[in-house]
Amino acid sequence: MALDADNVTVATGSGGVNLDFKDSPTNLAIKAGSASVPVTLPRSYSATVDLDTMSGNLRVDFPLRITSQGPDQVAGLIGAGIGRLQVETGSGNIDILQH
């Protein structure tokens with residue numbers, strides 16, 4: 001199912017999160033305790049990004065201007081950085097994909 005919303009907050013303890021947006025959300029916050037988090041966004045997506053996984057891989061299919069980076073963390077800008085994207089998972093991959 002494709003989502004269309006401006007502000008989205010998702011939290012799960014140990015279940016998977018798989019989101020597919022047809023339009024760009026302004027603010028997107030996802031917290032997953034123990035799950036991979038694939039998020040698919042439109043090519044025109046623009047946001048300030050903060051991605052953090054304690055045990056997993058990070059993948060961003062958009063051009064990302066990195067402002068800080070660690071072993072399991074990356075922050076930066078996609079496009080003009082208009083919206084906000086925060087994803088945190090304790091154990092799982094984070095995949096930021098584009099249509």
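Throughout what follows, the structure given in this document is the object of discussion. (Residues numbered from 1 in each chain as written. Predicted model: local features only at pLDDT ≥ 70, side-chain atom pairs only at ≥ 80, totals over all residues. Heavy atoms only, no water.)

With that settled, consider the overall build of the protein. Per the secondary structure count, the protein includes zero helices and ten strands. Moving toward the C terminus, one meets the helices and strands of the protein in the order β-β-β-β-β-β-β-β-β-β. In terms of overall dimensions, the protein is globule-like: its C-alpha atoms have a radius of gyration of 12 Å, near the 13 Å expected for 99 residues. Counting only C-alpha atoms and orienting by the principal axes, one finds that the protein spans roughly 30 × 30 × 20 Å. For the protein, buried positions account for 36% of its 99 residues. By element, 47% of the accessible surface of the protein is carried by carbon and sulfur atoms, the whole surface being about 5100 Å². (Helix = DSSP H or I, 4+ residues; strand = E, 2+ residues; numbered from the N terminus. Rg over C-alpha atoms; globule rule 2.2 N^0.38 Å. Buried < 20%, exposed > 50% of the residue type's maximum accessible area, 1.4 Å probe, protein only. Areas by Shrake-Rupley, 256 points an atom, 1.4 Å probe, with all protein chains shown as cover.)

The strand order across the open sheet formed by six strands is S1-S3-S9-S5-S8-S7, and the pairing between neighbours is mixed. If you trace the sheet from one side to the other, it starts and ends with strand S1 (7-12) and strand S7 (64-70), each paired once. Strand-to-strand, the axes of this sheet are offset by a mean angle of 10 degrees, without reference to chain direction. As judged from the six bridges shared by strand S3 (residues 27-32) and strand S9 (residues 83-89), these two strands associate in the parallel manner. (Pairing = 2+ DSSP bridges. Axes fitted to C-alpha atoms, helices over the stretch in contact; angles between N-to-C directions.)

The next subject is the sheet that holds strand S4 (residues 37-41). Reading across from one edge, S2-S4-S10-S6 is the order of the four strands in this open sheet, with parallel pairing throughout. Strands with a single pairing partner mark the edges of an open sheet, and in this sheet they are strand S2 (19-20) and strand S6 (58-60).

What follows is about the environment of Phe21. By the secondary structure assignment, Phe21 is in the loop between S2 and S3. Overall, the relative accessible area of 0% leaves Phe21 in the buried class.

Per the stated rule, a full pass over the model turns up one salt bridge. Here Arg59 makes a salt bridge to Asp61, at a shortest N to O gap of 3.0 Å. (Salt bridge = Lys/Arg side-chain N within 4 Å of Asp/Glu carboxyl O.)

This part is about the side chain of Thr89. Position of Thr89 relative to the elements: it lies in strand S9. The class of Thr89 is buried, set by a relative accessible area of 1%. Apart from the residues within four sequence positions on either side, Thr89 is in contact with Ala32, Gly33, Ala35, Val37, Asp52, Thr53, Met54 and Ile94. (Contact = heavy atoms within 4.5 Å.)

Now for the nonpolar core. In a soluble, globular protein the nonpolar side chains are often hidden away together inside. Core analysis: the largest hydrophobic core is formed by 22 residues, its most contacted members being Leu28, Ile30, Val39, Leu51, Leu85, Val87 and Ile96. Elements supplying a minimum of two residues to this core: S3, S4, strand S5 (47-53), strand S8 (73-78), S9 and strand S10 (94-98). What Ile30 contacts, discounting residues up to four positions off in sequence, is Val10, Val17, Leu19, Val37, Val39, Gln86, Val87 and Glu88. (Core = buried A, V, L, I, M, F, W, Y, C linked by side-chain atoms within 4.5 Å.)

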